[in-house]
Structures are given as structure tokens and as C-alpha cells.
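# Residue-level structural notes
Below, each chain spelled out in residue letters.
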Amino acid sequence: MPMISQQARGTDVIPALKPTTVTIDRISKTFKGASVLEDISLDIKAGELIALLGPSGSGKTTLLRIIAGLEFPDGGRVEFGGMDATGLSVQKRKVGFVFQHYALFKHLTIAGNIAYGLNARPRAERPSKSEINRRVEALLDLIKLSNFADRYPSQLSGGQRQRVALARALAVEPRVLLLDEPFGALDAQVRKDLRRWLRDIHIRTGQTTIFVTHDQDEALELSDRVAILHAGHLEQVGTPNDVQEHPASIPVLKFLGDSCELQAHSINGQAFIGNSKLPVAAQNVKDGPVRLFVRPWQFELVAPEAGHIQANIKSGYRSQGLSHLSVASDNGQIFTVDTARPVSCQENERIGLQITGGHSFPA
Amino acid sequence: MPDQAVSSNAIVPGKPNRLVTESTVVRIALIAIAAAFLVLFLILPLVAVFQQALVKGLNAYFDSFADEDAQAAIKLSLYVTAIAVPFNLVFGLAASWSIAKFEFTGKSFLLTLIDIPFSVSPVVSGLIFILLFGAQGYFAPLLRTLDLQIVFATPGIVLATIFVTLPLVARQLIPLMQEQGVGDEEAALTLGASGLYTFVTVTLPNIKWGLLYSVLLCNARALGEFGAVSVVSGHIRGLTDTIPLHVEILYNEYNFVGAFAVASLLAGLALVTLAVKSLLEWLYADDLAASAGH
């Protein structure tokens, strides 16, 4: 994907609008008696790029649609720039919305799609024909599809369609840009390119941007902050580093990557396995058993009979400079260990495992 | 569905695959049976209509249309159709739009209601109108005061035709709109478009082919409607006879050339409808595939 050219930066395709804050205040929503969102509060800063991350069914898309005005909450408020927008219709909210399946108008050309929002305005607010053409051309240039103005959406690839969808949303100068799984329907390589491209666009426009994803990699790479939802609850909001280093709950920890759960106990705010002290804090946990979660890379291979855990290698493979081992501990647990050390991966080879990090939660 | 076509092509690349096709004998037999049915029930009757109409030559054929009663019947049929088809177009659009794009209680009940004209015999439908608007009907006193004649007059024929063709447009559009979902409309709304602007610029273009099909069908059905119209018309020659009723009268009078000549109009209409439909499919195959595709 080409980077945004320096010349393009100077044009006023997307006039430097003052970025808007978005406040979500105790939003709740039920569908046919089932609670989808419960008491969600979230302050989104002006110009922030924030990800709503969660597994399917966590309510993240519903929350985005409530912000857009495509759904209405049963309780709570949505504010744009400090002004109550809860009762505003979707047209009046002036948001840009990018759908997972593009939702391009297939009977209109690419240029027609991008110009749609401008043409839809009442005559008094509608820019002149030449002004609309100028803006469409500038946006086509922004998404690097200038030669495609007269094509139809069916003639474009998925990645190109999603770029058109973004240009169409930007054309109406939205106060907030909302994206619903924008890369969900694309293959891996296109997805990576588009991510970088979206980040560039965001840097350029400085617009408040909220996007929904179930891909933690995408959220961690792109966003200033991540809001993690689980079963209709907002589990944690923080920078990508925050949520990885200090996951607030077990769902957050599990959702952000593989881990294995080990039996441990805490004494004076410190985690122990047997008599060995672990480099894992157990703050705000009563003395006694704790649930210890260790990521595959938070183990170190040591000599048999040394380390915190004794185990046998069951299988393993090397990929991209890491050995991925499936090991069985002596108390019967099977989990994954990643190590940079080349390991011969012999079955039933005996090893010791030293725990170098982890997260503990009350049992 | 195009996807299925692709996958079956993948199993059978080029020539028939022995594992998934029948033996030659069975295939030929099945095709022959299908062809025989087509000839017997579609092609032979059609040929017969034109053959009987032309049996006494072209002059006799065209004389049948010169008859005043025949012309009156043709005019009435066109008049009724010109009212019934636009009415059903509007009703079908409104019904399918609200059923396919919105959730509300009583939706399945409404669907059942729309289907009633298809499940009720047209004769019964006609009788219902007699019961309501006839001389002894429920609304008879009211109609007498207003000096309105509904049964045995054009309004009754229009009502009966509308009733019988009511489900045609809605039934065609509902599954189409349901499959398309509301994604495009939502996109238009987020771009600031009003409801009406969205309907005209997004919803209508998405269903234009289905709509055109259903209007063609509705048109053919409205012109050819016999049962319900027969009950409410009263068969007054030159006044309340439509084309199908006129055909019946001529036939009962042993005027076979006249009957088949007028009938050939309806048969011709069917052929023209088919031709237009095929032409549209051929001209706009890409658009049709695209609108069916996503």
C-alpha cells in the first residue's frame, strides 16, 4: 500500500475540523430480553483512535451502532463534544460509518458512491457540482483509486472497496469516524496494508476514530487506547501496553493471547508455587490459593529437576525464530511454551521450567 | 445461487462425471419426458390457439377485432389493467418494504393476509364482492344513497382484479429485499440522506429488476383474470365484458374463429411478456447477476 504522498498532505480534502470528544455514559441495551450492553461508560478523547475489542457477542458492534444512531440505547446517554446526542437521528449525528461488508451502492460508480453524501444534502447545503467533483477527485487521490472513478464496485477487489467505503464516509466531513470490523472480510496481507493505511489517514485527519474488531493484534497495533468488552461489560480501557501488562480481569487476559492456568498461592502479595517464590505480584489478593496465568513466552527452559515446574516435551516445532513446545507437566497439565532457544523437540524429553512472569487473580 | 453453480462445476469439469450423473438411457428418458410435457401442455395449446384463429384466413381473423363488442372488451380490459397494475405496484412496494426492512409484531400475520388471494378460489373472491356490494349486500343501502354501482359494473371488475393480483408484486419483492438486508439503506442514512432520498436512490435501484418482472407478471395476470371478474361482471356485452369473458361468450356461441382470435391476443401478450423478460435478462445479465450476488 503506498504511503500518503507529501503533496496530498497540503490539500484540504478533509478540512481540519476540530476533533470531537465522544462520551458514552451508562449505556445499556437489551435485545428481546437478553442484555447486550450493561452500564457502559467510556470517555473518548478528541482525535483519539480507539478500538472496541471483544469476542463475537460481546456487544461491541451494538455499542458502535448506538454511537452512530443506528440503534438506540434503553438507558444512558451519548454525547458528542459535550452535547447530548442520544435523541439525534443518524442523519443529524454527522458520523462517518464504515461497514464490514462495505455496503457500497452497486448501481453507482466509485465517484458516485463517494459523492453520495454530498448529493443527498438539501439544495441549500449542497456544494456546487464542481465543488463536489473537486472533493471526489481529491478523495480518490487519497485512496489511490483515481483511475477507478467510473468503475462499479463489483469491478473492485475487497481492499479497494473498503477504501472507497472509507472515502465515502470521509466525504461528508464527519465529526467522528466509526468503523465496524473494517478489515474483517479481507485476507491477511490486504488487512495488514489497510491497517497501516488507516493509521496514516488518522494521523492526517486527526479525527476521533472508533473501530470495532475481534482481532487483538489489529487493536494493539492501531489504537491509542483499547476498550475491551466481554459479555456486554466493559472490562478494561487502556493503552495497548496497559492492557497487556496489567490485564484487569481474566477475560481480558485470555482474550489478549494464549496462556495457561497454574495452581499457585499467595503470601504477603507475592505468588508462590510450592516453596518457590515467583516473580509475579499478587496484589489485592488474600493469602491463600490464587489463579496464576502464564503466557507461553513467560517460561524459561532449565535443567530437569530445576525450575518451578517439571515437565515432559510432548511435541514441538520451530517457526520464525521461536521453538513452540507442547509440554505436559508432572501434575498432568498440557500447555505451550515458547522459547528462542533451539530445542531438539524430542518426545518425552524431560525439562524444568522457570516462570519469569505472569498474572495472578483471586481464586 | 452462483456459488452453487461454481461448486458443481468444480465437481464436473467439462464432461459429465460418471459418479454424479445418471446413465445415458436414463438421461435421455428424463429429457424426453420433460420435452413431451412441454409440447403437450404449452406448445400444442399455443399453436392450437393461433391455428384455430386463422382457420378461416386472415380476413376472418381481423374481422373478429372489428366487432364493436370485441373492441369494447379490449378497451375495458386495458382500462382495468391500467388501474390494477399501478395500484398493486404501490401496494406491493409498500408492503414488501415494510415487511422486509422492519421488525414489528404481527408481521407473519400480514404475510398470511397478503397470501389470501392466492389461496382462495377466484370465484369465491368474486362472490365476496357480490356479498359486500351486491343488491342484497352489506353496503347496498349505502351504495344506493350514494348512487354508486359497483358489482355488474367497472368498479367491481377493477376491485376483483386488484384483489386477485394483490400478492404478485409483494411476493416477488419480499424475498429479494430480505436477502439484500438493510446495510445499503443504513449506509445512506449515515451519509445524511433522508428516508425518501434513500428509498429513491438506494432501495429502488436495488430492486428495479425484480420490480419490473413482477409488474410484467401482474400485467399479464390482470389482463387474463377470469374467475373473480366473471362473477362480478354480469357479462353485459359491450359494457362489462373483459377479454377473457368475451372469449367465453364467443365460444359458447360457436363462433370459434372469433373466440380463438380474441384469445390469441392474450396468448400473444404472454409471448410478448416472455420476450421482454428474456430480452431484459439478456441485455442486463451483468446487472442482474450483480444484484443477485450481493
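Refer to the preceding data block for the structure.
Residues numbered from 1 in each chain as written. Chains lettered and ligands numbered in written order. Predicted model: local features only at pLDDT ≥ 70, side-chain atom pairs only at ≥ 80, totals over all residues.

### Focus on the overall build of chain B
We apply this condition: By the criteria applied, helices consist of DSSP H or I runs no shorter than four residues and strands consist of E runs no shorter than two, each listed in order from the N terminus. The exposure scheme places C-beta atoms from the backbone and then counts, for each residue, the other C-beta atoms within 10 Å of its own, assigning buried at 20 or more, exposed at 12 or fewer, and partly exposed in between.
Looking only at helices and strands, chain B has 15 helices and 0 strands in total. Here chain B holds 294 residues, and 31% of them are scored as buried.

### Things to note about the interface of chain A and chain B
We count it as follows: Residue pairs are scored as contacts if the distance between their C-beta atoms, which are placed from the backbone, is within 7 Å. We call Asp, Glu, Lys and Arg charged. Ala, Val, Leu, Ile, Met, Phe, Trp, Tyr, Cys and Pro are nonpolar, and the rest, Gly among them, are polar.
Between chain A and chain B, the contact holds 19 residues from the first and 16 residues from the second. Among the secondary structure elements, those contributing two or more residues to the side of chain A that touches chain B are α3 (90-93), β6 (95-98) and α4 (110-119) of chain A. Looking at the side of chain A that touches chain B residue by residue, the classes come out as 11 nonpolar, 5 polar and 3 charged.

### Quick word on the nonpolar core
Which entries qualify depends on this criterion: As used throughout, a nonpolar core is a set of buried Ala, Val, Leu, Ile, Met, Phe, Trp, Tyr and Cys residues joined through C-beta atoms within 7 Å of each other.
Ranked by size, the top nonpolar core spans 103 residues in total, and within it Ile-67, Ile-114, Ala-167, Leu-178 and Ile-210 of chain A carry the most contacts. Per-element accounting of this core gives the leading share, 7 residues, to helix α6 (residues 158-171) of chain A. Here Ala-167 of chain A is in contact with Ile-114, Leu-139, Leu-140, Leu-142 and Ile-143 of chain A, once residues within four sequence places are set aside. With 49 residues, the next largest nonpolar core counts Ala-84, Leu-168, Ala-222 and Leu-245 of chain B among its residues.

### Structural notes on helix α10 (residues 183-190) of chain B
Residues and elements named next belong to chain B. Of all the 8 residues making up α10, 6 are buried; the element is thus mostly covered by neighbouring parts of the structure. Those residues of α10 not exposed but buried are Asp-184, Glu-185, Ala-187, Ala-188, Leu-189 and Thr-190. At the C-terminal side of α10, Gly-192 shows a positive phi close to 95°.

### A word on the sheet that holds strand β18 (residues 334-339) of chain A
Residues and elements named next belong to chain A. Defined as follows: We treat two strands as partners when DSSP finds at least two bridges between them. Here the axes come from fitting lines to C-alpha atoms, over the contacting stretch only for helices, and the angles between their N-to-C directions go from 0 to 180 degrees.
Strand order in the open sheet made by the 5 strands is β15-β19-β16-β17-β18, with antiparallel pairing throughout. Strands at the two margins of the open sheet, each flanked by one partner only, are β15 (299-302) and β18. Averaged over all pairs of adjacent strands, the angle between strand axes in this sheet comes to 45°, irrespective of strand direction. Two strands pair when backbone bridges link them, and β15 and strand β19 (residues 350-355) are joined in this way by 4 bridges, in the antiparallel orientation. Following the sheet pairing, Glu-300 is matched in β19 by Gln-354.

### Quick look at unusual backbone geometry
Residues and elements named next belong to chain A. Notably, Arg-26 is not glycine yet its phi reads approximately 50°, a positive angle. Mapped onto the elements, Arg-26 comes out in strand β1 (residues 22-31). The phi dihedral of Lys-94 falls on the positive side, at around 55°, and the residue is not glycine. Mapped onto the fold, Lys-94 is located in the loop between α3 and β6. A count of 21 C-beta atoms within 10 Å places Lys-94 in the buried class.

### A word on the sheet that holds strand β5 (residues 83-84) of chain A
Residues and elements named next belong to chain A. What the 4 strands build is an open sheet, ordered β2-β1-β4-β5; its pairing is antiparallel. What marks the edges here is a single partner per strand, and that holds for β2 (34-44) and β5. In this fold helix α2 (residues 60-68) packs onto β1, β2 and β4 (75-80), with an angle of close to 120° to the strand it touches most, β1.

### Considerations on helix α8 (residues 154-165) of chain B
Residue and element names in this part refer to chain B. Put simply, the test is: Here, expected helix span is obtained from the residue count minus one, scaled by 1.5 Å.
For α8, spanning 12 residues, the distance from its first C-alpha to its last is 17 Å, which sits close to the expected 16 Å at 1.5 Å a residue. Taking burial as the measure, the 12 residues of α8 include 10 buried ones, the bulk of the element. Looking at α8, one finds that the buried residues are Gly-156, Ile-157, Val-158, Leu-159, Ala-160, Thr-161, Ile-162, Phe-163, Val-164 and Thr-165. Looking at the packing, one finds that the buried side of α8 touches α4 (68-101), α5 (107-119), α6 (122-133), α9 (167-180), α11 (195-224) and α12 (227-233).

### Things to note about the pairing of strand β12 (residues 270-273) of chain A
All names here are of chain A. Where strand β11 (residues 260-267) and β12 come together, 3 bridges link them in antiparallel fashion. From the neighbouring strand, Ile-267 faces β12, where its bridge partner is Gln-270. The antiparallel hairpin formed by β11 and β12 contains 2 residues in its connecting segment, where Asn-268 sits at a positive phi of about 50°. Sheet topology places β12 next to strand β13 (residues 276-281); 3 bridges connect them, and they run antiparallel. Within β13, the residue paired with Gln-270 across the bridge is Ala-281.

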